[in-house]
Structures are given as C-alpha cells and as structure tokens.
Amino acid sequence: SVPQVAVAGILEPAYSVAGDSFDYALNEDTLHVAMVDAMGHGLDAATMATVAVGAYRHARRADIGLSEIYAFMDRAIAEQFGPDHFVTAQMMRLNIATGHLQWVNAGHPAPLLIRNHQVVRQLTGPTTLPVGFGGEEPRISEQMLQHGDRVLCFTDGLIEEHEAGEEQFGEEQLIHWVNRIEHTTKGVRAVVRSLSHALKQQRGGRT
C-alpha cells in the first residue's frame, strides 16, 4: 500500500493441491500484477504455476511489453511440460500516476470493475489462448481508471465450485457478495479478507 495505489490478494488453503497463484510488483509509477491458474491438481499443477510465475517475473524485470511477457511465459510452459499442458493467466500493468490500465487475458475470467463500492461491469476484452498453447500475439485491453476505482481479479475455481449435482457458485453470487462487503468494509485488505471468508462460508466451509 502506497499513497497512489493499494494491492491485496488472498489464497484459501485447499484440501487438494492446485495451481492458483498471483504476483505483483511496483516499479516507480508502474504496478505489475499477474494471476495464474495451472491446469489440473496435484504437484504437477503446483510446479506449472511456479514455472509460470518465475517466467513472468523474469520477463517483467526485462522491462518488455505485455505481449512479449505472454510469449515468454508461453514458451516456458511449452518447453517444460509439452503440448498438452497449459496455464490460464492474466497480466496487468497500471500507471499509478495516470490510472491507465492495460491487461492481457489468457483464458481467465474477466475482472470486475468496482466504482463507488459497487460492481459496475466486467473488464471484458479479447482473450488469447492459455500460456503453453502457442497462441498468437495477444491484443492488449485498456481502461482508464478513476480515483478510488478497484479491480477484482479471481480464478475460475471461485465461481465454478459446487457440490456434486448442484449449481456452480457463479458470478452473480460473487457480485452480490462483493457489493455487500464493499459497502460495509473499509480498505482493500479488509475487503479481500472478508470476501474470502464470506465465500468460504457460503460454500459450506470447504475449499
């Protein structure tokens, strides 16, 4: 948390190992954020997520564009794990002085834009193939954020979780809880923590 921007994220421990992870860094006026979700479960998924985050960090430090970062991660996963493995990913870059947000979505759920403590819309845009599949150069999406805006990224495990034979948790329920918690909780860290606890409770306490 700095005067211009705040970042908060949370992972709930799961009963089976999965490949969800996130990473961020603030370099001068640029905030870098990435979220990855490796296919499958078990140590293979965890290893793939580790390689994807490592490749992202390496490319990010090279100060290259989002398209080049995607290509670097794509090659790393393909070379290490072969053609049948993939990682969905979302890479973002925010100029904290101007509010200019850019992102590449590689098979991830669209983030939510929160303004005045209310979800106003999804940040939809062109998606590209998950990293590891050798997708074409991705198109970069852009959005000018206003002072006080929040962007919520999440993996598909959050909205697709369900009991056997029952409906998925879904984005509608997620948005309902985001709006409810945004109006009662201050600060992004407290909001993320409260949201995670509320969603876990709604899903019977299991992750």
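Higher on the page you've got the structure.
Residues numbered from 1 in each chain as written. Predicted model: local features only at pLDDT ≥ 70, side-chain atom pairs only at ≥ 80, totals over all residues. Heavy atoms only, no water.

Student: Give a description of the sheet that holds strand β4 (residues 100-106) that names residues and reports values.
Tutor: Read across the sheet, five strands follow the order β1-β2-β3-β4-β7 without closing on themselves; strand pairing throughout is antiparallel. Each having just a single partner strand, β1 (19-27) and β7 (141-144) make up the two edges of the open sheet. Direction aside, neighbouring strands of the sheet carry axes that sit 15° apart on average. By the bridge criterion, four bridges tie β4 to β7 in an arrangement that is antiparallel. The residue of β7 that forms the bridge with Trp103 is Ser141. Running at roughly 155° to strand β3 (residues 87-95), helix α2 (residues 66-81) makes contact with β2 (30-38), β3 and β4 of the sheet. (Pairing = 2+ DSSP bridges. Helix = DSSP H or I, 4+ residues; strand = E, 2+ residues; numbered from the N terminus. Axes fitted to C-alpha atoms, helices over the stretch in contact; angles between N-to-C directions. Contact = heavy atoms within 4.5 Å.)

Student: Which residues make up the packing of helix α4 (residues 170-182) against helix α5 (residues 188-202), and what are the values?
Tutor: The geometry of α4 relative to α5 is characterised by a closest axis approach of 10 Å and an angle of 135° between their N-to-C directions. Judged by the angle between their axes, α4 and α5 are oblique. Where α4 crosses over α5, the two elements pack in a sense that is right-handed. Seen from α4, the contacting residues are Gln173, Leu174, Trp177, Val178, Ile181 and Glu182; seen from α5, they are Val191, Ser194, Leu195, Ala198, Leu199 and Gln202. The residue inventory of the contact of α4 with α5, partitioned by class, reads eight nonpolar, three polar and one charged. (Parallel < 35°, antiparallel > 145°, perpendicular 65-115°, else oblique. Left-handed = near helix turned anticlockwise from the far one by under 90°. Nonpolar A, V, L, I, M, F, W, Y, C, P; charged D, E, K, R; others polar.)

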